[in-house]
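Understanding the architecture of this molecule
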Amino acid sequence: MKEKINKTNAARILDREHIPYQLLSYPVDEQDLGAAHIAEVLHMPIDQLFKTLVLQGDKSGYFVCVIPGADEVDLKKAARATGNKKCDIIHQKELLPLTGYIRGGCSPIGMKKPFPTFFHSSIMNYPHIYCSAGQRGLQFCIAPSDLVRAANGKVVDLTQEQLS
């Protein structure tokens, strides 16, 4: 018998917009909420797993960056892309009251209020990607263009250069 997965706000938004997706559940390890662990548990390439970060700019206020799981956001690139001089990732304690999501379960769609959302350009390299569906232990498998559209997002370069 197949396990029933309860829909999240993010999933309901995709349903309302008639955007196809698949929900994948996985066991949560409270000691390791990182993208590398999730990719390993779900047997997926880390480059196709995207994490959602919430930042605050000195001019624009809050905004969202969605980047590959193994990468780090380049704060200078993020600031430039959003019209700020500088920006920083918000403190973990601010995440829930601001977005309605907790660390390890933050989706780029379905937040308490919409924020400008920016996706790293590599998202378009794949036919489908994985990102949080709005709770720990649940990921979307979705076409990148559909996720960008659902979040009313913009695709830009957001990460630090990887050294080989």
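Residues numbered from 1 in each chain as written. Predicted model: local features only at pLDDT ≥ 70, side-chain atom pairs only at ≥ 80, totals over all residues. Heavy atoms only, no water.

Glancing now at the overall build of the protein chain. The helix and strand tally for the protein chain stands at five helices and eight strands. Counted from the first residue to the last, the protein chain has its helices and strands arranged as α-β-α-β-β-α-β-α-β-β-β-α-β. Relative to a compact globule of 164 residues, whose C-alpha radius of gyration would be 15 Å, the protein chain shows 15 Å and is just as compact. Along the three orthogonal principal directions, the C-alpha set of the protein chain runs to about 55 × 40 × 30 Å. (Helix = DSSP H or I, 4+ residues; strand = E, 2+ residues; numbered from the N terminus. Rg over C-alpha atoms; globule rule 2.2 N^0.38 Å.)

If you look at the biggest cluster of nonpolar residues, it comprises 29 residues, and the most contacted ones within it are V54, F140 and I142. Contact partners of I142, with chain neighbours within four places excluded, come to L14, I19, P20, Y21, H128, I129 and L147. Membership of the second largest hydrophobic core comes to 12 residues, among which are C65, I67, V73 and L158. (Core = buried A, V, L, I, M, F, W, Y, C linked by side-chain atoms within 4.5 Å. Buried < 20%, exposed > 50% of the residue type's maximum accessible area, 1.4 Å probe, protein only. Contact = heavy atoms within 4.5 Å.)

Looking now at the pattern of salt bridges. Enumeration over the complete set of coordinates arrives at four salt bridges. A salt bridge links E30 to R136; the shortest N-O distance between them is 2.6 Å. With E30 in the loop between β1 (22-25) and α2 (35-42) and R136 in the loop between β6 (129-135) and β7 (138-142), this residue pair connects regions lying 106 residues apart in the sequence. The exposure class of R136 is partly exposed, given its relative accessible area of 23%. A salt bridge links D146 to R149, with the shortest nitrogen-to-oxygen separation between them at 2.9 Å. Here D146 and its partner R149 are both found in helix α5 (residues 144-150), three residues apart, which amounts to about one turn of the helix. According to the relative accessible area criterion, D146 is buried, its value standing at 15%. (Salt bridge = Lys/Arg side-chain N within 4 Å of Asp/Glu carboxyl O.)

Enumeration over the complete set of coordinates arrives at three aromatic pairs. Seen in terms of ring centroids, Y62 and F115 are 6.0 Å apart; in terms of plane orientation they differ by 70°. Their pairing is edge-to-face. Of the two residues, Y62 sits in strand β3 (residues 61-68) while F115 sits in the loop between α4 (92-99) and β5 (117-120), which places them 53 residues apart along the sequence. Here Y62 falls in the partly exposed class, since its relative accessible area comes to 24%. Residue F115 is classed as buried on the basis of its relative accessible area of 10%. Here the aromatic rings of F63 and F118 are separated by 6.1 Å at their centres, their planes lie at 90°, and the arrangement is edge-to-face. In this pair, F63 is assigned in strand β3 and F118 in strand β5, connecting sequence segments 55 residues apart. (Phe/Tyr/Trp six-rings, centres within 6.5 Å; stacked < 30°, edge-to-face > 60°.)

Here M111 lies in the loop between α4 and β5. Judged by its relative accessible area of 12%, M111 is buried. Expressed as a C-alpha distance, the spacing of M111 and L96, which sit 15 residues apart in the sequence, is 9.6 Å. Beyond its immediate stretch of four places on either side in the chain, M111 contacts T52, V54, V64, T99, Y101 and C106.

Within the sequence span of α2, burial applies to A35, H37, I38, A39 and L42. Those residues of α2 hidden inside the fold are in contact with β1, β2 (49-57) and β7. The positive-phi residue at the C-terminal boundary of α2 is H43, with phi of around 55°.

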